[in-house]
Amino acid sequence: MASSLTKDSPSSGEKTFFGHPRGLATLFMTEMWERFSYYGMRALLPLYLIAPGGLDMDAGTATAIYSVYLSLVYLLAMPGGWFGDRVWGPRKTVAIAGGVIMLGHLTLALPSEGTFFAGLGLVAIGSGLLKSNISTMVGHLYDGPEDPRRDGGFTIFYMGINMGAFAAPLVIGTVGENVNWHLGFALAALGMGLGVVQFLIGTRHLNERSLVVPKPLSKDERAATLRKSMIWLGVAAVFYIGTVVTGVYTLNWLLVPITIAGLVIPVMVLTRIKRDKELSAAEQSKMTGYIWFFVAAAIFWMIYDQGGSTLSIFAESSAENSVFGWDFPVSWYQSVNPVLIMALAPVFATFWLALNRRGKEPSTIVKFSSGLVLVGASFFVFLMPLTIAGDGHKAAAMWLVAIYFIQTVAELTLSPVGLSVTTKMAPEKYASQMMGVWFLAVTAGDCTTGLLSLAGVGLNGTGVVALEATLAVAAGIAIFMYRGKVKQLMGDVH
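The numbering scheme is per chain: residues are counted from 1 as the chain's sequence reads. Reporting of local features is limited, given that this is a predicted model, to residues whose pLDDT is at least 70; pairs of side-chain atoms are given and counted only at 80 or more, and all residues count toward the totals for whole chains, interfaces and linings. Where side-chain values are given, they derive from all heavy atoms of the structure, hydrogens and water being excluded.

Caption draft 1: Representation of the overall build of the protein. Assigned secondary structure in the protein consists of 17 helices and six strands. In terms of overall dimensions, the protein is globule-like: its C-alpha atoms have a radius of gyration of 23 Å, near the 23 Å expected for 494 residues. Across its three principal directions, the C-alpha atoms of the protein cover 65 × 55 × 50 Å. Across the 494 residues that make up the protein, the buried fraction comes to 51%. Working rule for contacts: check all heavy atoms of both residues, and any pair within 4.5 Å makes them a contact. Considering only contacts in the protein between residues 6 or more positions apart, those separated by 24 or more positions represent 80%. For the protein, the computed accessible surface area is about 21900 Å², with 66% contributed by carbon and sulfur atoms. Counted as positive: Lys and Arg. Counted as negative: Asp and Glu. His and the chain ends are not counted at all. Charged groups are reduced to one reference atom each: NZ for lysine, CZ for arginine, CG for aspartic acid, CD for glutamic acid. For the protein, the separation between the mean place of its 33 positive charges and that of its 30 negative charges on side chains is 9 Å. We count a stretch as a helix when DSSP gives it H or I for four or more residues in a row; a strand needs E for two or more, and each element gets its number in order from the N terminus. The globule rule is 2.2 Å times the number of residues to the power 0.38, and the radius of gyration it is compared with is taken over C-alpha atoms. Each residue gets one of three labels from its accessible area relative to the maximum for its type: buried under 20%, exposed over 50%, partly exposed in between, using a 1.4 Å probe on protein chains only. All accessible-area figures derive from a Shrake-Rupley calculation using a 1.4 Å probe, and residue coverage is judged against the displayed protein chains alone.

Below is the structure:
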């Protein structure tokens with residue numbers, strides 16, 4: 001499969017992937033199929049949870065489950081990176097992760113509530129293992145950070161993510177909604193299976209560094225880690241078996257601890273780094289400044305990720321899901337963001353570059369605050385279709401498309417900047433861990449949504465939507481107003 005996407009390099013006669021190492025084709029296709037399976041299942045998830053032919057849950061429980069699932073994927077990215085660094089190495093970790101994800105989707109395809117949640121857990125674990133390590137292998141293909149092809153390689157890789165994310169709802173969503181839910185989940189398993197096959201066939205084109213375990217566990221460390229893991233697993237097993245035997249178990253016994261952990265763990269990680277006495281005064285200052293960005297990012301993702309839950313559930317019950325009289329599945333809304341990303345990302349890159357040449361490019365702080373204000377504005381727009389539905393009418397599909405458009409612009413303003421500022425402000429001691437810390441902002445945001453849903457807060461209510469919108473706009477304005485203080489904390493980072 002990879003060879004069909006390669007072309008000859010005029011200088012060396014060796015085959016390349018659009019001028020990049022052939023291994024990029026392997027990782028591009030693997031990630032594309034993994035994202036196809038992930039986003040296809042994600043588009044179906046909230047709809048299946050509320051459907052009479054699915055699990056027939058209320059909207060609050062469905063939103064909580066969806067939010068907890070997303071938070072787990074990002075929370076597990078940190079231990080996933082740890083496995084690649086300390087246990088298996090990136091290449092082996094990705095191969096195993098692909099198999100776990102495929103097994104998870106196959107488990108979701110079984111018509112049983114118990115196996116459904118087991119499948120969600122397997123997909124979350126596999127995604128966490130794969131997420132950090134496949135990006136690491138893309139970096140291995142190039143001759144260090146100064147390789148001029150490196151940024152272009154990551155851009156091509158990023159396009160693979162969005163190609164998979166765009167196609168998935170159109171294929172998996174259509175089959176799941178119109179034919180059979182479990183057949184849709186089975187298609188997600190097929191997509192991941194194709195990704196695993198592609199990866200195994202193309203591994204010969206990857207850099208040998210992807211086989212290396214950078215910092216392998218010693219024999220004593222391995223034994224201690226295994227012992228601690230078994231103790232915690234045993235405690236959890238005894239606790240949950242006890243709740244089942246005594247008849248007090250409900251789904252909240254599982255969801256509430258995860259949402260609380262998703263809020264507590266980011267605080268613990270940031271506190272541990274901030275209190276490290278080995279950090280220099282400059283690094284301490286940067287971490288203080290980074291906390292501003294982290295909290296703001298958590299607010300951003302809290303709203304943004306509701307595009308797949310709150311907005312999707314609203315569309316199912318209260319939107320006119322048709323264009324020029326032609327009806328389409330609700331899951332297709334999830335293709336709007338990736339196609340807009342592919343269309344707008346080059347525009348934004350060109351725009352920032354043009355402003356930079358004139359010395360007028362906005363600072364990191366201004367871009368970040370703009371992203372927050374925009375994502376808040378998207379929920380102010382959401383108030384319109386909510387009001388229309390409240391009057392007993394169906395809201396036009398274009399209202400939802402407008403919301404996704406604004407959120408995509410907000411994402412392009414904030415997300416790349418967040419990734420960049422994370423690497424720039426990371427203390428040297430925690431350079432490899434800070435990307436996982438950035439993902440914890442997503443975890444915190446999604447867990448906040450999950451906790452609100454579990455508390456019975458109706459996220460489709462106009463009052464709650466207005467409050468969230470106001471919070472995001474206020475956070476964006478606060479960062480802008482205090483930009484001088486934040487810039488001072490950032491030190492030499494611009």
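On we go.
Caption draft 2: Region of the structure containing a nonpolar patch on the surface. On the surface, Phe 239, Val 244, Val 248, Tyr 249, Trp 253 and Leu 254 cluster together into a nonpolar patch covering about 510 Å² of accessible area. If you list the elements that add at least two residues to the nonpolar patch, you get helix H8 (219-245) and helix H9 (252-274). Position of Tyr 249 relative to the elements: it lies in the loop between H8 and H9. Patch members must show over 30% relative accessible area and no salt bridge, and they are joined within 9 Å when carrying like charges or within 5 Å when they are nonpolar side chains of Val, Leu, Ile, Met, Phe, Trp or Tyr. Salt bridges are defined by distance alone: a side-chain nitrogen of Lys or Arg within 4 Å of a carboxyl oxygen of Asp or Glu.

Caption draft 3: Examining the packing of aromatic side chains more closely. Working definition: a ring pair exists when centres of Phe, Tyr or Trp rings (six-membered ring for Trp) sit within 6.5 Å. Plane angles under 30 degrees give stacked, over 60 give edge-to-face, the rest tilted. A full pass over the atoms with the stated rule returns 29 aromatic pairs. Centre to centre, the rings of Phe 314 and Phe 382 are 5.4 Å apart; their planes meet at 85°, and the pair counts as edge-to-face. With Phe 314 in helix H11 (residues 310-318) and Phe 382 in helix H13 (residues 364-390), this residue pair connects regions lying 68 residues apart in the sequence. Residue Phe 314 is classed as buried on the basis of its relative accessible area, which comes to 3%. Exposure remark for Phe 382: the relative accessible area of 0% places this residue in the buried category. Linked through ring pairs, Tyr 48, Phe 116, Phe 117, Trp 181 and Phe 185 together constitute an aromatic cluster. When the ring centre of Phe 439 is taken as origin, the NZ or CZ atom of Lys 131, which lies over that ring, is 5.4 Å away. Two conditions define a charge located above a ring, namely a distance within 6 Å from the ring centre to NZ of Lys or CZ of Arg, and an angle within 35 degrees of the ring normal. The ring of Phe 480 is capped by Arg 483, whose NZ or CZ atom sits 4.0 Å from the centre of that ring.

Caption draft 4: Spatial organisation of the nonpolar core. Take the buried Ala, Val, Leu, Ile, Met, Phe, Trp, Tyr and Cys residues and link them wherever side-chain atoms come within 4.5 Å; each set so joined is a nonpolar core. Tyr 69, Phe 116 and Tyr 290 are the most contacted members of the largest nonpolar core, which has 123 residues in total. Per element, the largest residue contribution to this core is 16 residues, and it comes from helix H1 (residues 23-50). Apart from the residues lying within four places of it in its own chain, the contact partners of Phe 116 are Leu 45, Tyr 48, Leu 49, Leu 55, Thr 107, Leu 108 and Phe 185. Residues Ile 341, Phe 348, Trp 352 and Val 409 belong to the second largest nonpolar core, which totals seven residues.

Caption draft 5: Spatial organisation of the side chain of Ser 71. As for its position among the elements, Ser 71 is in helix H2 (residues 59-75). Residue Ser 71 is classed as buried on the basis of its relative accessible area, which comes to 1%. When near neighbours in sequence (up to four residues on either side) are disregarded, Ser 71 contacts Thr 443, Asp 446 and Cys 447.

Caption draft 6: Up close: the packing of helix H10 (residues 281-304) against helix H14 (residues 397-425). Between the N-to-C directions of two axes lies an angle of 0 to 180 degrees, each axis being a line fitted to C-alpha atoms and, for a helix, fitted only over the stretch in contact. Where H10 meets H14, the closest approach of the two axes is 11 Å, and the angle between their N-to-C directions is 150°. With respect to each other, H10 and H14 are oriented roughly antiparallel. Considering only the axes of H10 and H14, their crossing is left-handed. Facing H10, whose interface residues are Lys 286, Gly 289, Tyr 290, Phe 293, Phe 300, Trp 301, Ile 303 and Tyr 304, H14 presents Gln 407, Ala 410, Glu 411, Leu 414, Ser 415, Val 421, Thr 422, Lys 424 and Met 425. For this classification, under 35 degrees means roughly parallel, over 145 means roughly antiparallel, 65 to 115 means roughly perpendicular, and everything else is oblique. Should the near helix be turned counterclockwise from the far one by less than a right angle, the crossing is left-handed, whereas a clockwise turn marks it as right-handed.

Caption draft 7: Layout of the confidence of the model for the protein. Predicted confidence across the protein gives a mean pLDDT of 90, with 96% of residues reaching 70 or more. pLDDT is defined as a per-residue confidence score from the predictor, taking values between 0 and 100. Every residue in residues 1-12 scores below 50 in pLDDT, and together they form 24 contacts with partners more than four places removed in sequence or on other chains.

Caption draft 8: Focus on unusual backbone geometry. A positive phi is found at Asp 56, a non-glycine position, where the angle reads about 55°. Residue position: Asp 56 is located in the loop between H1 and H2. For Asp 56, a relative accessible area of 53% corresponds to the exposed category. Here Phe 324, not a glycine, exhibits a phi torsion of approximately 50°, which is positive. Structurally, Phe 324 can be placed in the loop between strand S4 (322-323) and strand S5 (326-327).

Caption draft 9: Up close: the environment of Ala 97. By the secondary structure assignment, Ala 97 is in helix H4 (residues 90-108). Judged by relative accessible area, which is 0%, Ala 97 ranks as buried. Separated by 331 residues in sequence, Ala 97 and Glu 428 have C-alpha atoms that sit 29 Å apart. Apart from the residues within four sequence positions on either side, Ala 97 is in contact with Gly 126, Leu 129 and Leu 130.

Caption draft 10: Region of the structure containing helix H16 (residues 462-481). What a helix is expected to span follows from its residue count: subtract one and scale by 1.5 Å. Given a rise of 1.5 Å per residue, 20 residues ought to cover 28 Å, and the 28 Å separating the end C-alpha atoms of H16 matches this to within 8%. In the core, the buried residues of H16 are packed alongside H10, H13 and helix H17 (483-490).

Caption draft 11: View of the packing of H9 against helix H15 (residues 434-454). At a minimum axis separation of 9 Å, H9 and H15 run at an interaxial angle of 145°. Every pair of crossing elements has a handedness; the one defined by H9 and H15 is left-handed. The residues of H15 that touch H9, namely those facing Asn 252, Leu 255, Val 256, Ile 258, Thr 259, Gly 262, Leu 263, Pro 266, Val 269, Leu 270 and Ile 273, are Met 434, Val 437, Leu 440, Thr 443, Ala 444, Cys 447, Thr 448, Gly 450, Leu 451 and Leu 454. A breakdown of the residues in the contact of H9 with H15 according to their chemical character gives 15 nonpolar, six polar and no charged. Residue type decides the class: Asp, Glu, Lys and Arg count as charged, Ala, Val, Leu, Ile, Met, Phe, Trp, Tyr, Cys and Pro as nonpolar, and the leftover types, Gly among them, as polar.

Caption draft 12: Expanded view of the pattern of salt bridges. Within this structure, the stated rule accounts for six salt bridges. Note that Arg 86 and Glu 221 form a salt bridge whose closest N and O atoms lie 3.0 Å from each other. Of this pair, Arg 86 sits in helix H3 (residues 77-86) while Glu 221 sits in helix H8, and the two are 135 residues apart along the sequence. For the salt bridge of Glu 278 with Lys 429, the shortest nitrogen-to-oxygen distance reads 3.2 Å. With Glu 278 in the loop between H9 and H10 and Lys 429 in the loop between H14 and H15, this residue pair connects regions lying 151 residues apart in the sequence. Residue classification places Glu 278 among the exposed residues on the basis of a relative accessible area of 63%. For Lys 429, a relative accessible area of 44% corresponds to the partly exposed category. Among the charged side chains, a network of salt bridges with common partners joins Glu 31, Glu 34 and Arg 35.

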